[in-house]
Amino acid sequence: MEKVAFEGWLESVSASFLTLSDQQKNQSLDHLIGLSGAAQLRHLSNSLETLLKRDFLKLLPLELTFYLLRWLDPKTLLTCCLVCKQWNKTISTCTEVWQGACRDLGWQIDDSIQDAMHWKKVYLKAKLRMRQLREQEAFETSSLIGHSARVYALYYRDGLLCTGSDDLSAKLWDVCTGQCIYGIQTHTCAAVKFDEQKLVTGSFDNTIACWEWSSGAKIQHFRGHTGAVFSIDYNDDLDTLVSGSADFTVKVWALSAGTCLNTLTGHTEWVTKVILQKSQVESLMHSPGDYILLSADKYEIKPPLPSIKLPSFSPLSDAEVSALLLRHKPTTCALDPLPSHLFQETAPDLLPFISSLLNSSLLPGCFPSTFKQAAVIPLLKKPTLNTTSHQNYIPVSLLPFLSKFDLSCLTDLGISGTALTWFSSYLSDWSYQVPLQLIQNSAARLVFSLPQFAHATPLLHSLHWLPIAARIQFKTLTLTYRCLDHTAPSYLQSLVSPYIPSRTLLLQCQKANSASSPLSFLQSRSSSSLAPKWWNDLPTKVKTSLTSFRRLLKTHLFRQYL
């Protein structure tokens, strides 16, 4: 058929074909296929593959292909590898896909290894091992015979296996030969761990013990748990042993001394596993190489405590000082120079001074000695108790406001340098004082049934009570008189001597008796300095006999103070 005639025929047939129904089109195609030879069928097959089978892994850019593959699970990816060689090659070169599959199995990924086939093989090997474990085909089994009761504890290391049993023994086995190397008498073992020289066991008798392999002797015994010890771990470099128990606690021990260093609480079930090891990764709390303690019970794993190093304090800003200052309850103590609520109200004006004061303590590592004193006051145990009975009161120690403010900086950290010096300074040389005058004022108000803030001076005057300062002076001067009168103990008399001038004074008309002579003390102490001064300042008419001396002295002091 001529080309022009063929083109006209083809156009006419095509126009007619488009007018047919789907069924008629299918019948027409079937008829044409039946009339076709090998060449026509081959051409039809190649055309249909291009039209109907679109390979997206082949057509898409490689980066987009890898992105789509990351959404598939490993099982589906392995199935896709069986489609064709091209698909297997493409999927097997996607590193991120196989690294993610290994990470989902708990593998620690080394990002420096970018060989996709390496990670695919790791994944396939891990899946094979898991299937073998599930079907009990992973290992060959053999029995180690030697214990006469239940074996509860196992620990494997370097081809050696330690077993602990209810038969009050522990044994060390060579796994390759099945031979027992050591066997020692112990307690009932719930946990074991060993090295070349020793064995450490945790027991159902609530204790831990350390044993020497060669002699079987007990080296150390650790007592303190109130429940069975289910897990232990230790580190010789740290000289530290940790244990987890059925009493819901984790204890930290000095391995060589056998003493308990700390007891950690927080678990709500038996602690069945403790691990003491070096951190392998960088985190917010730890650096690689830092020792961490992990503990687990039935429901949760307790994370390690932060390992923060604090060689020194950073200066506090005014904003930080203000926040700390306003956070405290404004409790005022007798040692405060002004009421704490007033101190907080005036804080904006005092901030530069307070910040400078606190930083001058934190930065050089020295806690001010003036803040190391507390005032002790009596406090009624319950409002309903009898206020006249001293047994119903308890002593309460009150710190100055700024002392409590500095205390808020204390934290449980790893400390060194000037920070350690500051804490050492803070924890040493503390003292307290009892504000006796406040107690006496409260007692006077109690006698007259007056409210807490009633003025106390008129009450003391009515009761003819000397104030505390006058009472101290009264007792000191009375004792001084007895020393001069030779009625005091000899060790006190030796401290007091009348002052005898080296020459006669012009205004001295007559020799005073020994009780009215000026005094000097042989030792220079604070009380020794006050007694001569108080004595020498007394009027001469007061220094008579001891009976009248006490009466006249009290009257003199009463007029002086009240």
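Keep in mind that what you see is a predicted model, and the values were worked out from it rather than measured.

Chemist: Whenever I open this one, the pairing of strand 2 (residues 160-165) confuses me. Can you help?
Modeler: Each regular strand carries side chains that alternate between the two faces of the sheet. Among the 6 residues of strand 2, 5 are classified as buried, and the element is accordingly described as predominantly covered. The pairing of strand 1 (residues 151-157) with strand 2 spans 6 bridges and is classified as antiparallel. Paired with Arg157 across the two strands is Leu160, which belongs to strand 2. Between the end of strand 1 and the start of strand 2, which pair antiparallel, lie 2 residues, with Asp158 showing a positive phi angle near 50°. Where strand 2 meets strand 3 (residues 169-174), 5 bridges bridge the pair, whose relative direction is antiparallel. Across the sheet, residue Leu161 finds its bridge partner in strand 3, namely Trp173. Between the end of strand 2 and the start of strand 3, which pair antiparallel, lie 3 residues, with Leu168 showing a positive phi angle near 65°.

Chemist: I'm lost on the sheet that holds strand 10 (residues 240-245) in this one. Help?
Modeler: Two modes of strand pairing occur in sheets, parallel and antiparallel, and in both the strands are linked by backbone hydrogen bonds. If you trace the 4 strands from one edge of the open sheet to the other, you get 9-10-11-12, paired in antiparallel fashion. This sheet does not close on itself; its edge strands, each paired only once, are strand 9 (229-235) and strand 12 (260-264). Along the sheet, successive strands turn relative to each other by an average axial angle of 15°, direction set aside. Where strand 10 lies against strand 11 (residues 250-254), 5 bridges are found, and the strand directions are antiparallel. Its bridge partner lying in strand 11, Gly244 is registered against Val250.

Chemist: Can you help me understand the pattern of salt bridges in this one?
Modeler: One pass over the full model with this rule turns up 10 salt bridges. Its salt-bridge partner being Lys198, residue Asp236 comes within 2.9 Å of it at the nearest N-O pair. Of this pair, Asp236 sits in the loop between strand 9 and strand 10 while Lys198 sits in strand 6 (residues 198-203), and the two are 38 residues apart along the sequence. When its relative accessible area of 12% is taken as the criterion, Lys198 is described as buried. Among the ionic pairs, Glu300 bridges to Lys302, the shortest N-O distance being 3.3 Å. A network of salt bridges, in which partner residues are shared, links Arg157, Asp158 and Glu196.

Chemist: Sorry if this is basic, but what is going on with the side chain of Thr65 here?
Modeler: As for its placement among the helices and strands, Thr65 is situated in helix 5 (residues 62-69). When its relative accessible area of 0% is taken as the criterion, Thr65 is described as buried. If we skip the residues at most four places from it in the chain, Thr65 touches Phe56, Leu57, Leu60 and Thr90.

Chemist: Could you clarify how one ought to interpret the state of the cysteines in this entry?
Modeler: One way to say it: the disulfide is the covalent bond shared by the sulfur atoms of two cysteines. Taken as a whole and judged by the stated rule, the model has 0 disulfides. With no disulfide of its own, Cys84 lies 9.8 Å from the sulfur of Cys81, the closest cysteine sulfur.

Chemist: Hey, could you run me through the environment of Gln185 in this one?
Modeler: Assignment of secondary structure puts Gln185 in strand 4 (residues 180-185). What makes Gln185 exposed here is its relative accessible area of 58%. As a C-alpha pair, Gln185 and Asp167 span 18 residues in sequence and 8.8 Å in three-dimensional space. Not counting the four nearest positions on each side in its chain, Gln185 is found in contact with Asp167, Leu168, Ser169 and Trp211.

Chemist: Please explain the nonpolar core as it appears in this structure.
Modeler: In a soluble, globular protein the nonpolar side chains are often hidden away together inside. Leu466, Leu477, Trp535, Leu538, Phe549, Leu553 and Leu557 are the most contacted members of the largest nonpolar core, which has 19 residues in total. Per element, the largest residue contribution to this core is 6 residues, and it comes from helix 17 (residues 468-484). In this view, Leu553 contacts Phe474, Leu477, Thr478, Leu538 and Val542; residues no more than four positions away in its chain are not counted. Trp87, Val97, Ile109 and Trp119 belong to the second-largest nonpolar core, a separate cluster that totals 17 residues.

Chemist: Is there a simple way to think about the packing of aromatic side chains in this case?
Modeler: Note on aromatic pairs: each is described by the distance of the centres and the angle between the planes. Per the stated rule, a full pass over the model turns up 13 aromatic pairs. Here the aromatic cluster, defined as three or more aromatic residues joined through ring pairs, consists of Tyr152, Phe204, Phe230 and Trp270.

Chemist: Please clarify how the pairing of strand 7 (residues 207-212) should be interpreted in this entry.
Modeler: Burial analysis of strand 7 places 5 of its 6 residues in the buried class, which makes it a mostly covered element. Judged from the 5 bridges that link them, strand 6 and strand 7 form a sheet pairing that is antiparallel. Paired with Gly202 across the two strands is Ile208, which belongs to strand 7. Remark: 3 residues form the turn of the hairpin made by strand 6 and strand 7, two consecutive strands paired antiparallel; Asn206 in that turn has positive phi of roughly 75°. Alignment of strand 7 against strand 8 (residues 218-223), held across 5 bridges, turns out to be antiparallel. Within strand 8, the residue paired with Cys210 across the bridge is Gln220. Between strand 7 and the antiparallel strand that follows it, strand 8, lie 5 residues; Gly216 among them carries a positive phi value of about 75°.

Chemist: What should I look at first to understand the confidence of the model for the protein in this one?
Modeler: Low-pLDDT stretches of the model should not have their predicted coordinates read in fine detail. Taken residue by residue, the protein gives an average pLDDT of 82. The fraction at 70 or more is 88%. Scored below 50 in pLDDT, residues 406-413 shows 17 contacts in the model against residues more than four places distant or in partner chains.

Chemist: What exactly am I supposed to notice about a positive patch on the surface here?
Modeler: A cluster of basic side chains, namely Arg471, Lys475, Arg482 and Arg550, defines a positive patch on the protein surface. For the positive patch, the leading source of residues is helix 17, giving 3 residues. If you trace the backbone, Arg550 turns up in helix 20 (residues 546-561). Of the residues examined, Arg550 reaches a relative accessible area of 40% and is grouped as partly exposed.

Conventions used here
Residues numbered from 1 in each chain as written. Predicted model: local features only at pLDDT ≥ 70, side-chain atom pairs only at ≥ 80, totals over all residues. Heavy atoms only, no water. Buried < 20%, exposed > 50% of the residue type's maximum accessible area, 1.4 Å probe, protein only. Helix = DSSP H or I, 4+ residues; strand = E, 2+ residues; numbered from the N terminus. Pairing = 2+ DSSP bridges. Axes fitted to C-alpha atoms, helices over the stretch in contact; angles between N-to-C directions. Salt bridge = Lys/Arg side-chain N within 4 Å of Asp/Glu carboxyl O. Contact = heavy atoms within 4.5 Å. Disulfide = S-S within 2.5 Å. Core = buried A, V, L, I, M, F, W, Y, C linked by side-chain atoms within 4.5 Å. Phe/Tyr/Trp six-rings, centres within 6.5 Å; stacked < 30°, edge-to-face > 60°. pLDDT = per-residue confidence, 0-100. Patch = residues over 30% accessible without salt bridge, like charges linked within 9 Å, V, L, I, M, F, W, Y side chains within 5 Å. Areas by Shrake-Rupley, 256 points an atom, 1.4 Å probe, with all protein chains shown as cover. Lys, Arg positive; Asp, Glu negative; His and termini not counted. Charge placed at Lys NZ, Arg CZ, Asp CG, Glu CD.

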